[in-house]
Amino acid sequence: MRSDFVVREVVTGLRRNVTMTVAMVLTTAISLGLVGTGLLAVRTIDRTEQLYSDRVEVQVALTSDVSANDKDCSQPVCAGLKSTLENSPLVESVRFENQEQAYERYKELFAGQSLADLVRPQSLPATLRVRLSDQQAGADAVRQAMAGQVGVRNVIDQRDVVAKLFDFLGGVRNVTFALAMVQAVAALLLISNTVQVSAFTRRTEVGVMRLVGATRWYTQLPFLIEAVVTGVVGALIAVGGLLVGKFLFIDELLSGIVSNGVVPPIEVADIIWVSPILVMIGAGIAAVTGYVTLRLYVRL
Amino acid sequence: MIDAKYADVPSGWSWAPRGRVGCQPDVHPPVASASVIRLERVTKLYKTSTRPALDRVSVAVDKGEFVFLIGPSGSGKSTFLRLLLREDVPTRGNIFVSDLNVAKLPRRRVPRLRQRIGCVFQDFRLLPNKTVGGNVAFALEVIGKQSATIKKVVPEVLDLVGLQGKAERMPHELSGGEQQRVAIARAFVNRPLVLLADEPTGNLDPDTSQDIMLLLERINRTGTTVVMATHDHSIVDSMRRRVVELDLGQVVRDESRGVYGVGR
Ligand SMILES: Nc1ncnc2c1ncn2[C@@H]1O[C@H](COP(=O)(O)OP(=O)(O)O)[C@@H](O)[C@H]1O
Ligand SMILES: [Mg+2]
């Protein structure tokens, strides 16, 4: 195979059809950018799940009089509740957090925001923070055992809060994947159309090639490479778009929850991780589409 | 009439002629294994027509022969040539080109067949955006020939067809006759076993046609078998070569030293 010949044909082909090539590259880029966003959402969901699996607790909030009078869970009501929890096989550990500690944490969490000034130590409950050894059955067991007990105000399962976050991230992922699919169809059709147009504008060349006995590789490879090049360029633009998007929007959008450690930040490394995937998808889809188009529509 | 310039193969020509040179058999032998082209009761029915384009055609062409394929328009001359090139497959019958069973050839081996056959057409089929040299070189590039070989061989073949010094011209800067010379150079540059020509003089005036015929004769003298479809009476009559006449898809005449129309 003469590579100089193929390169020359590909360059001529791409130049001959500039507007179409640009449209194809941009559509591919948008589609792959959305796929990339979806992949980043998936990665964030995984990371967040990891982050929470060893942090999630069930909080048993104590009534205000217990909270106000017991600084170290030494009095009978609190101590009783604590030992009940500790004796359960579903529970790994129980930690007591008094009003002062709750207030400190609260201030930390909402540092610099007006909410921090609204709250006084007395308005926050003391809590028993329960680490579960059995994530599945544990939360319900704790809820059943504690609800209605003397000294218990309510039971908060942090996983309910986290579930909402996961719902949100999952939604982002689904929406981006759905949009990516629609865009991918558009990209596919454009690639197919471009290959057809390209083959049509070069029908004289292809005719001569067939006539003098060029193999399928020689007649088809320029078209395939043309498609693959646009796929790869589209993927690279998509990666660039993700980087720009990270610094311009995502960092801003997530800054609050990231600094509170609710979700891990999206790093440049994450985008570097998705880029080869995008390039492979871009090149693969373009190659397959090109090949199928040549087979179905173009007599070579 | 005969242009002395083209009367012989240039001495610089690097491909030695194969087989007998300048010696045509007066009587073509019966079907033999020496045939370069052999059609055995070939019938071609196009889906859209009721009458076969070729009807039980049997023809054998020996190595080094020059054959005119004549007949009125629609008699099946182009179909005959297209089947040899495997542009299409016969409905019935066998076709052999050298040792290849053309109709049964698997797709991936069709290029090998076409590399052994050169062809030229009435409409030249040159690439308008390539120079004369580029057009000829293209035929070698796309079958993977080394660029050193191409650089050496292209000027040689341009000399052979009488286009020395015109390698850098664009096709639209050439006369019709010169364009057909480029097409012939392109068809011949890979030294095919067979040269097929479908009405190569159809677009040319009589004098230019005569020049093209001399060139085809010269190529035939290098040992290349030539099959030329035409309905140009004067050319056939002046050359006195083998004539195969088709009518309504059937061979109605096969004479080793024919003229166009008997008794005309
Ligand atoms: N692709 C085709 N489809 C259907 N009929 C065809 C096709 N090509 C040729 N024919 C028919 O086959 C017959 C022979 O055509 P052709 O081989 O082109 O003759 P010639 O070259 O002698 O003029 C004609 O009747 C023509 O209409
Ligand atoms: Mg014809």
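What counts, and where the lines are drawn
Residues numbered from 1 in each chain as written. Chains lettered and ligands numbered in written order. Predicted model: local features only at pLDDT ≥ 70, side-chain atom pairs only at ≥ 80, totals over all residues. Heavy atoms only, no water. Near = heavy atom within 4 Å. Areas by Shrake-Rupley, 256 points an atom, 1.4 Å probe, with all protein chains shown as cover. Nonpolar A, V, L, I, M, F, W, Y, C, P; charged D, E, K, R; others polar. Pairing = 2+ DSSP bridges. Helix = DSSP H or I, 4+ residues; strand = E, 2+ residues; numbered from the N terminus. Contact = heavy atoms within 4.5 Å. Buried area = accessible area lost by both parts, 1.4 Å probe. Salt bridge = Lys/Arg side-chain N within 4 Å of Asp/Glu carboxyl O. Core = buried A, V, L, I, M, F, W, Y, C linked by side-chain atoms within 4.5 Å. Buried < 20%, exposed > 50% of the residue type's maximum accessible area, 1.4 Å probe, protein only. Disulfide = S-S within 2.5 Å. UniProt positions renumbered as here; feature names shortened; annotations may be inferred. Polar contact = N/O pair within 3.5 Å; in protein donor to acceptor, adjacent residues only side chain to side chain. Axes fitted to C-alpha atoms, helices over the stretch in contact; angles between N-to-C directions. Domains from an automatic or database assignment. Parallel < 35°, antiparallel > 145°, perpendicular 65-115°, else oblique. Left-handed = near helix turned anticlockwise from the far one by under 90°.

A.B. asks: I'm lost on the site of ligand 1 in this one. Help?
C.D. replies: All names here are of chain B. Residues in close proximity to ligand 1 include Tyr 46, Thr 48, Arg 51, Ala 53, Pro 72, Ser 73, Gly 74, Ser 75, Gly 76, Lys 77, Ser 78 and Thr 79, which together make up its full environment. If ligand 1 stood free it would expose 560 Å²; the protein chains cover 64% of that surface. Looking at the shell around ligand 1 residue by residue, the class counts come to 3 nonpolar, 7 polar and 2 charged.

A.B. asks: Looking at this structure, how should I read the sheet that holds strand S4 (residues 92–97) of chain B?
C.D. replies: In a beta sheet, neighbouring strands pair by backbone hydrogen bonds and run either parallel or antiparallel. Residues and elements named next belong to chain B. Here 4 strands make up an open sheet; going across it, the order is S2-S1-S4-S5 and the pairing antiparallel. Of all the strands in the sheet, just strand S2 (54–62) and strand S5 (100–101) have a single pairing partner and so form its edges. Across 2 bridges, S4 lies against S5 in antiparallel orientation. For Phe 96, the partnering residue across the bridge sits in S5 and is Asn 101.

A.B. asks: How should the interface of chain B and chain A be read in this particular structure?
C.D. replies: A common way to report how large an interface is uses the accessible area buried once the components associate. Across the contact, 25 residues belong to chain B and 18 residues belong to chain A. When chain B packs against chain A, the two sides together hide about 1800 Å² of surface, and 55% of this comes from carbon and sulfur. When residues of chain B are sorted by the area they lose upon contact with chain A, Arg 114, Glu 141 and Val 142 of chain B head the list and together hold 30% of the total. Summed over the shared surface of chain B and chain A, the result is 2 salt bridges. A salt bridge links Arg 210 of chain A to Glu 87 of chain B; its shortest N-O distance comes to 3.7 Å.

A.B. asks: So what exactly am I meant to see when it comes to the nonpolar core here?
C.D. replies: In a soluble, globular protein the nonpolar side chains are often hidden away together inside. Phe 68, Val 136, Val 142, Ile 184, Met 213 and Leu 216 of chain B are the most contacted members of the largest nonpolar core, which totals 56 residues. The contact partners of Val 142 of chain B, leaving out residues within four places of it in the chain, are Phe 5, Met 209, Val 212, Ala 214, Thr 215 and Tyr 218 of chain A.

A.B. asks: Any chance you could explain the state of the cysteines here in plain terms?
C.D. replies: Two cysteines form a disulfide when their sulfur atoms are joined by a covalent bond. Residues and elements named next belong to chain A. Tallied over the entire structure, the rule returns 1 disulfide over all chains. The disulfide partner of Cys 73 is Cys 78, and the gap between their sulfur atoms is 2.0 Å. Between Cys 73 and Cys 78, the S-S torsion sits near -100 degrees, and that sign places the bridge as left-handed. Residue classification places Cys 73 among the buried residues on the basis of a relative accessible area of 9%.

A.B. asks: Sorry, what's going on with the UniProt feature "transmembrane region" (unreviewed entry) in chain A here?
C.D. replies: All names here are of chain A. Those residues carrying the UniProt feature "transmembrane region" (unreviewed entry) are residues 21–42, 175–200, 221–244 and 271–294 in this numbering. Between the first and last C-alpha atoms of residues 175–200 the distance is 37 Å; the span itself is 100% helix and 0% strand. In the segment residues 271–294, helix accounts for 100% and strand for 0%; the C-alpha atoms at its two ends are 34 Å apart.

A.B. asks: Before we go on, may I ask you to explain helix H1 (residues 77–84) of chain B in this structure?
C.D. replies: It helps to recall that an α-helix has 3.6 residues per turn; residues three or four apart then point in one direction. All names here are of chain B. For H1, a buried count of 6 out of 8 residues is recorded, marking the element as mostly surrounded by other parts of the structure. Listed as buried for H1 are Lys 77, Thr 79, Phe 80, Leu 81, Leu 83 and Leu 84. Positive backbone phi, at 60 degrees, marks Arg 86, one or two positions downstream of H1.

A.B. asks: What's the story with the environment of Leu 54 of chain B in this structure? I'm lost.
C.D. replies: All names here are of chain B. As for its position among the elements, Leu 54 is in strand S2. Here the alpha-carbon distance between Leu 54 and Val 132, two residues 78 residues apart in the chain, equals 36 Å. Among all residues touching Leu 54, those that are not within four sequence positions of it are Val 42, Thr 43, Lys 44, Gly 76, Thr 79, Phe 80, Leu 83, Leu 246 and Gly 249.

A.B. asks: Would you take a moment to explain the side chain of Arg 129 of chain A for this structure?
C.D. replies: Residues and elements named next belong to chain A. Tracing the backbone shows Arg 129 in strand S3 (residues 127–132). Of the polar contacts made by the side chain of Arg 129, one reaches the side chain of Glu 97; its length is 3.4 Å. Polar contacts involving the side chain of Arg 129 include one to the side chain of Thr 127, which spans 3.4 Å. Residue contacts for Arg 129: discarding those within four places in its chain leaves Glu 57, Val 58, Gln 59, Ser 93, Val 94, Arg 95, Glu 97, Arg 105 and Gln 158.

A.B. asks: Just to check I follow, could you spell out the sheet that holds strand S2 (residues 91–97) of chain A for this structure?
C.D. replies: All names here are of chain A. Sheet architecture is open: 4 strands sit in the order S2-S3-S1-S4, paired in antiparallel fashion. Among the strands making up the open sheet, the edge pair consists of S2 and strand S4 (152–157). With strand direction ignored, the average angle separating the axes of adjacent strands in the sheet is 20 degrees. In this structure, strand S1 (residues 58–62) lies alongside S3, joined through 4 bridges in antiparallel fashion. When the bridges of S3 are listed, Val 60 appears paired with Leu 128. Where helix H8 (residues 158–201) meets the sheet, its contacts fall on S1, S3 and S4, and the angle it forms with S4 comes to roughly 35 degrees.

A.B. asks: Explanation requested: the domain arrangement of chain A in the structure shown.
C.D. replies: Parsing chain A into structural domains produces domain 1 (3–53 + 163–297) and domain 2 (64–150). Computed over C-alpha atoms, the centres of domain 1 of chain A and domain 2 of chain A are 50 Å apart.

A.B. asks: Would you explain the packing of helix H3 (residues 132–141) of chain B against helix H4 (residues 147–160) of chain B in this entry?
C.D. replies: Two packed helices can be described by the angle between their axes and the distance between those axes. Residues and elements named next belong to chain B. At a minimum axis separation of 10 Å, H3 and H4 run at an interaxial angle of 125 degrees. If you check the angle between H3 and H4, you find them oblique. Crossing angle aside, the handedness with which H3 passes H4 is right-handed. Contact residues: Val 132, Gly 133, Val 136, Ala 137, Leu 140 and Glu 141 in H3; Ile 150, Val 153, Val 154, Val 157 and Leu 158 in H4. Here the contact of H3 with H4 is built from residues that sort into 9 nonpolar, 1 polar and 1 charged.

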